[in-house]
Amino acid sequence: MIRLQNINKIYRTSDIETKALNDINIHIAKGEFISIMGPSGCGKSTLLNTLGMLDSPSSGEYFFDDIPIHGLSERQLAQQRKGKVGFIFQSFNLIDELSVADNVELPLLYQKIGVKERKMRVTEVLEQLNIGHRASHMPQQLSGGQQQRVAIARALSTSPDVIMADEPTGNLDSKNGDEVMTMLSELNKIGTTIMMVTHSPYHAEYADRIIQLFDGQVVSQNKAKVDVSHA
Ligand code: ADP
Ligand code: ADP
């Protein structure tokens, strides 16, 4: 589904150059659940933003379902993202002035989906994430865990192939964090490909594979859960 070949990303500011990604080679199969780990500044967000087609690599090749993504303009990237990628963030990024239902409806509005289908889809995903009873609430009236569930519902509203999650449990206590991870696991079981940046070794283990970055390079891509059954 996803192939990164010799991907480099260089940030240039007035007097310094930072090589955020250094010769990255990764293949990701449909239905995989991947964790991305590594110390602060090693390139995790840059990798996730590249995978999520928010950002273009400086060099190298990126294929999504055999479509070349490298070298696309901002506008072409936005076109490719549509219906393919959903995003979840550490700080939820909900719009405080909009109700839960309106937040979840927003991506569908952007895609110019008709009103009837929009309402149906919103009800469906809110139910799926057990948050339907909060549809008319404002984000600030919800707990952090509930807000992240709304954010997941919003990401799912357009039925994307891949969910990109940047430290989705980073602002949650352990109970709510575990709940969000259980939810992501369940989504993965029904076929959604998930890529997640996390600082939590425990949450990283929910994935099939852990990609470990250091100084912009992949230093390991081990299968997770291998030893668990023998422990
Ligand atoms: P991580 O997510 O692992 O903390 P990042 O991908 O955010 O790492 O950053 C990787 C490196 O690239 C860091 O050295 C960071 O300072 C640098 N960097 C990230 N984004 C930018 C940017 N927009 N402009 C310049 N440097 C950046
Ligand atoms: P995290 O470590 O949680 O991934 P950061 O605090 O490193 O996030 O970065 C937050 C945002 O700031 C990212 O979008 C990243 O691209 C940008 N950023 C990081 N480092 C730099 C930098 N040196 N110059 C400009 N932007 C940066």
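Our structure is the block above this text.
Residues numbered from 1 in each chain as written. Chains lettered and ligands numbered in written order. Predicted model: local features only at pLDDT ≥ 70, side-chain atom pairs only at ≥ 80, totals over all residues. Heavy atoms only, no water.

Caption draft 1: Highlighting the nonpolar core. Residues Phe33, Leu126, Ile152 and Leu184 are the most contacted members of the largest nonpolar core, which totals 33 residues. Elements with a contribution of two residues or more to this core: helix H3 (100-110), helix H4 (115-128), helix H5 (144-156), strand S7 (162-166), helix H6 (174-189) and strand S8 (193-197). The dominant element in this core, judged by the number of residues it contributes, is H5, at six residues. Not counting residues within four places of it along the chain, the set of residues in contact with Phe33 comprises Met181, Leu184, Ser185, Asn188, Ile194, Met196, Tyr206, Ala207, Asp208 and Arg209. Counting residues in each nonpolar core, the second largest holds 27 residues, with Ile28, Ile34, Met53 and Met164 among its members. (Core = buried A, V, L, I, M, F, W, Y, C linked by side-chain atoms within 4.5 Å. Buried < 20%, exposed > 50% of the residue type's maximum accessible area, 1.4 Å probe, protein only. Helix = DSSP H or I, 4+ residues; strand = E, 2+ residues; numbered from the N terminus. Contact = heavy atoms within 4.5 Å.)

Caption draft 2: Structural detail: the sheet that holds strand S4 (residues 59-64). Spatially, S2-S1-S4-S5 is the arrangement adopted by the four strands of the open sheet, whose pairing is antiparallel. Each edge of the open sheet is held by one strand with a lone partner, namely strand S2 (17-28) and strand S5 (67-68). On the sheet, helix H1 (residues 44-51) packs against strand S1 (2-12), S2 and S4 and is oriented at approximately 55° with respect to S2. (Pairing = 2+ DSSP bridges. Axes fitted to C-alpha atoms, helices over the stretch in contact; angles between N-to-C directions.)

Caption draft 3: Inspection of unusual backbone geometry at higher detail. The backbone phi angle of Phe92 is positive, close to 70°, even though this residue is not glycine. Summarising the element assignment, Phe92 is placed in the loop between strand S6 (85-89) and H3. Residue classification places Phe92 among the buried positions, given a relative accessible area of 10%. With phi around 55°, Asn93 is a residue other than glycine that occupies positive phi space. Residue class for Asn93 comes out partly exposed when judged on its relative accessible area of 38%.

Caption draft 4: Structural view of the pairing of S7. When you tally the buried positions in S7, you get five out of five residues, the bulk of the element. In the sheet, S6 pairs with S7 via five bridges, with the strands oriented parallel. Residue Phe87 lies in a different strand from S7, and its bridge partner there is Met164. Where S7 lies against S8, five bridges are found, and the strand directions are parallel. Each bridged residue has a counterpart across the sheet, and for Ile163 the counterpart in S8 is Ile194. Regarding topology, H6 serves as the crossover connection from S7 to the parallel S8, and that connection is right-handed. (Right-handed = clockwise from strand over helix to strand, strands pointing away.)

Caption draft 5: Molecular detail of H6. In a regular helix each residue adds 1.5 Å, so 16 residues correspond to 22 Å; H6 covers 22 Å between its end C-alpha atoms and thus fits that length. Along H6, the residues that are buried comprise Asn176, Gly177, Val180, Met181, Met183, Leu184, Ser185, Leu187 and Asn188. Elements in contact with the buried residues of H6: strand S3 (33-37), S6, H4, H5, S8 and helix H7 (201-204). Immediately beyond the C-terminal end of H6, within one or two residues, lies Gly191, with a positive phi of roughly 115°. (Expected span 1.5 Å × (residues − 1).)

Caption draft 6: The sheet that holds S8, seen in detail. The six strands are arranged S6-S7-S8-S3-S9-S10 in an open sheet whose pairing can be described as mixed. A strand with exactly one partner marks an edge of an open sheet, and here the two such strands are S6 and strand S10 (217-223). The average angle at which neighbouring strand axes cross in this sheet is 15°, direction not considered. The pairing of strand S9 (residues 209-214) with S10 spans six bridges and is antiparallel. In the strand pairing of S10, Phe214 is matched with Gln217. Where H6 meets the sheet, its contacts fall on S3, S6 and S8, and the angle it forms with S8 comes to roughly 150°.

Caption draft 7: How the structure looks around the site of ligand 1. Near ligand 1, the surroundings consist of Tyr11, Thr18, Ala20, Pro39, Ser40, Gly41, Cys42, Gly43, Lys44, Ser45 and Thr46. Separating an oxygen atom of ligand 1 from a backbone N or O atom of Gly41 is a distance of 2.7 Å. One of the backbone N or O atoms of Gly43 is found 3.0 Å from an oxygen atom in ligand 1. Burial of ligand 1 by the protein chains amounts to 60% of its free accessible area of 560 Å². Elements with a contribution of two residues or more to the shell around ligand 1: S2 and H1. Sort the elements by how many residues they give to the shell around ligand 1 and H1 lands first, with three residues. (Near = heavy atom within 4 Å. Polar contact = N/O pair within 3.5 Å; in protein donor to acceptor, adjacent residues only side chain to side chain. Areas by Shrake-Rupley, 256 points an atom, 1.4 Å probe, with all protein chains shown as cover.)

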